[in-house]
There are 2 protein chains.
Amino acid sequence: MSRTKGKLYVISGPSGTGKGTICAELLKDKHNEFSVSMTTRDPREGEVHGKDYFFVTREEFLDNVEAGNFLEHAQVFDNLYGTPKDMVIKRLDRGYNVLLDIDVQGGLQVRKAMPESILIFILPPSLKELRRRLEGRGTETADKVEKRLGQALSEIKLIGEYDYIIINDDLETAANEARSIIEAESHRVPEAVRGIIREYENELQ
Amino acid sequence: MSRTKGKLYVISGPSGTGKGTICAELLKDKHNEFSVSMTTRDPREGEVHGKDYFFVTREEFLDNVEAGNFLEHAQVFDNLYGTPKDMVIKRLDRGYNVLLDIDVQGGLQVRKAMPESILIFILPPSLKELRRRLEGRGTETADKVEKRLGQALSEIKLIGEYDYIIINDDLETAANEARSIIEAESHRVPEAVRGIIREYENELQ
């Protein structure tokens, strides 16, 4: 089959579900790429402009918001983050799948901007296990863990907007399930085909 | 994840695309089962009632048609064949996926009777290759091969009604693609979840 257009995958899930690790697994396939976000935060040591992030001033960022150049954007503490639309479209046109590791609010913005995007939600096997993982990091105060669990629950409530659910109990299994979803989606009868056939049918009526 | 309801898969494709062999591969997974058809044709040697087919009289068959007991049924030459609805539903409820190896007309009947069914179309890599395979059987006259190719083309025209396309160039690859589709579909956010959330939203409005 000749290489067709890629698809946009949004991968969301509460902090601690391991969606970052799943994305890293998926990126081992050279047909899958991450999108590079734009941000107003300062580069950390070793971060490369155009590879890790596009580092811009607050003014540049807001100009891009104004121009409708983002698929989604959000403020995290004092910094702005956004996914540039043109970059994503260019990669899809070249036949790459683009992965976005973003939160549910961002996912819903993407769905609105590109309804054909595919939304995958990563769930922990239980909230108890999520608590264990968050505490296991050793970097979060008890208060912060509770706050994250509350956030997790409010994100999970939006799961009905997503297309697929993966429960990350075992990383290898979860990554394989995500691979299956991407494989299956590449076999979907394109909406374009349905559209053409519907037109044919209308003509004949 | 606790075992949820299975899904109904219709696997169609022109004669010679190898859909039978793909189904046989899928049946190696004990979560996937074939449905047993009802037919008016005589049992062949070794065929077991209730395992290979339910062998019934024409009268019994037509009574079942009348009672709306079939997901789909069709006449092939002088014989009637049909997929009993209750058997399929029982297996789905028990958590098994049910596979139906039926033609496109049957697939469309199933889609109407059970809109949540998943329709997979198996395509040959080319009509030329399909011709080669049909001729390779050595059992078909040149005339019959041409007729089958014509049938193939008219089935393929209905591909827009299907959910997934698999091109069977290499059996192992095609079977793995079908497995990925079944795996991915088991991760779909159920329509029931969307329905409940939509109701909640309506309540809040």
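The numbers attached to residues start from 1 for each chain and follow its sequence in the written order. Chains and ligands are labelled by the order in which they are written, letters from A for the one and numbers from 1 for the other. For this predicted model, a pLDDT threshold of at least 70 governs which residues receive local features, and a threshold of 80 or more governs which side-chain atom pairs are given and counted, while totals over whole chains, interfaces and linings are taken from all residues. For side-chain calculations, the full set of non-hydrogen atoms in the structure is used, while hydrogens and water are omitted.

### Regarding the confidence of the model for chain A
- Confidence scores here are pLDDT values: one per residue, from the predictor, ranging 0 to 100. Taken over all residues, the pLDDT of chain A has a mean of 91, while the share at 70 or more is 96%.
- For this predicted complex, the interface confidence reaches an ipTM of 0.81, while the overall pTM sits at 0.86.

### Here's the deal with the interface of chain A and chain B
- Each side of the interface is counted separately: chain A has 24 residues, and chain B has 24 residues.
- Carbon and sulfur atoms supply 57% of the area buried between chain A and chain B, which totals about 2,100 Å² over both sides.
- Computed with a 1.4 Å rolling probe, the buried area is the accessible surface lost when two parts are put together, summed over both parts. The largest contributions to the chain A side of the interface with chain B come from A:His187, A:Arg188 and A:Val189, which together make up 25% of the buried area.
- Whenever a carboxyl oxygen of Asp or Glu lies within 4 Å of a side-chain nitrogen of Lys or Arg, that contact is scored as a salt bridge. Summed over the shared surface of chain A and chain B, the number is 2 salt bridges.
- For the salt bridge of A:Arg188 with B:Glu185, the shortest nitrogen-to-oxygen distance reads 3.2 Å.
- In protein, a polar contact requires one atom able to donate a hydrogen and another able to accept it; more generally it is a pair of N or O atoms within 3.5 Å, and residues adjacent in sequence count only if both atoms are side-chain atoms. Inspection of the chain A/chain B interface yields 8 residue pairs in polar contact (both at pLDDT 80 or more). By the convention used here, residues are in contact when the closest approach between their heavy atoms is within 4.5 Å.

### Looking at helix α5 (residues 127-136) of chain B
Residues and elements named next belong to chain B.
- Along α5, the residues that are buried comprise Glu129, Leu130 and Leu134. Projected down its long axis, α5 shows its buried positions confined to an angular sector of 135 degrees, all on one face. Summarising the geometry of α5, the exposed residues directed more than 90 degrees from the buried face are Lys128, Arg132 and Gly136.
- Residues of α5 that are buried make contact with α6 (142-156).
- Positive phi shows up at Gly138, right after α5, with a value of about 70 degrees. When accessible area is computed with a 1.4 Å probe and restricted to protein chains, residues below 20% of their type maximum are described as buried, those above 50% as exposed, and intermediate ones as partly exposed. The numbering of helices and of strands both runs from the N terminus, where a helix is a DSSP run of H or I of at least 4 residues and a strand a run of E of at least 2. This arc corresponds to the set of directions leading from the helix axis out to the C-beta atoms.

### Let's talk about the packing of aromatic side chains
- Aromatic pairing here means that ring centres of Phe, Tyr or Trp (its six-membered ring) are within 6.5 Å. Orientation follows from the plane angle: under 30 degrees is stacked, over 60 is edge-to-face, and everything else is tilted. Applying the stated criterion across every chain, the model contains 8 aromatic pairs over all chains.
- Taking 5.8 Å as the distance between ring centres and 50 degrees as the angle between the ring planes, the aromatic pair formed by B:Tyr53 and B:Phe55 counts as tilted. Taken as a pair, B:Tyr53 and B:Phe55 share a single burial class, namely buried.
- Both rings, one in B:Phe121 and one in B:Tyr162, keep their centres 5.2 Å apart while their planes meet at 85 degrees; by these two values the pair is edge-to-face. Of the two residues, B:Phe121 sits in strand β8 (residues 118-123) while B:Tyr162 sits in the loop between α6 and β9 (164-167), which places them 41 residues apart along the sequence.
- Residue classification places B:Phe121 among the buried positions, given a relative accessible area of 0%.
- Of the aromatic side chains, those joined through ring pairs into one cluster are A:Tyr53, A:Phe55 and A:Tyr81.

### With respect to the nonpolar core
- Here, nonpolar core means buried Ala, Val, Leu, Ile, Met, Phe, Trp, Tyr and Cys residues that are tied together by side-chain atoms lying within 4.5 Å of each other. In this structure, A:Ile120 and B:Ile120 are the most contacted members of the largest nonpolar core, which totals 32 residues.
- Here B:Ile120 is in contact with B:Tyr9, B:Val10, B:Ile11, B:Ser12, B:Tyr162, B:Tyr164, B:Ile166 and B:Ile181, once residues within four sequence places are set aside.

### Let's talk about the packing of helix α1 (residues 19-26) of chain A against helix α7 (residues 171-185) of chain A
Residue and element names in this part refer to chain A.
- Where α1 contacts α7, the two axes come as close as 9 Å, and the packing angle between them is 55 degrees. Overall, the two elements α1 and α7 adopt an arrangement that is oblique. At the point where α1 passes α7, the crossing takes the right-handed sense. Together, Thr21, Ile22, Glu25 and Leu26 of α1 and Leu171, Glu172, Ala174, Ala175, Ala178, Arg179 and Ile182 of α7 make up the contact between the two elements.
- Among the residues making up the contact of α1 with α7, the classes are represented as 7 nonpolar, 1 polar and 3 charged. In this description, a line fitted to the C-alpha atoms serves as the axis of each element, helices being fitted only across the stretch in contact, and the angle between N-to-C directions of two axes falls anywhere from 0 to 180 degrees. What sets the label is the angle itself: under 35 degrees gives roughly parallel, over 145 gives roughly antiparallel, 65 to 115 gives roughly perpendicular, and the rest give oblique. The handedness criterion is simple: a crossing whose near helix is rotated anticlockwise from the far helix by less than a right angle is left-handed, and one whose near helix is rotated clockwise is right-handed. We call Asp, Glu, Lys and Arg charged. Ala, Val, Leu, Ile, Met, Phe, Trp, Tyr, Cys and Pro are nonpolar, and the rest, Gly among them, are polar.

### Overview of unusual backbone geometry
- Phi at A:Phe77 takes a positive value of approximately 50 degrees, unusual for a residue other than glycine.
- Assignment of secondary structure puts A:Phe77 in the loop between β5 (70-76) and β6 (79-84).

### Concerning the relation of the copies chain A and chain B
- Only residues with pLDDT of at least 70 in both copies contribute their C-alpha atoms to the least-squares superposition of the copies. Once turned by 180 degrees and shifted 0.0 Å along the axis, chain A lies on chain B with an RMSD of 0.0 Å. Given the turn and translation reported, the copies of this chain are related as if by a two-fold rotation axis. Considering only C-alpha atoms, the residue of chain A closest to the rotation axis is A:Ser180, which sits at 2.3 Å.
- Both copies share a contact surface, since 100% of the interface residues of chain A are interface residues in chain B too.

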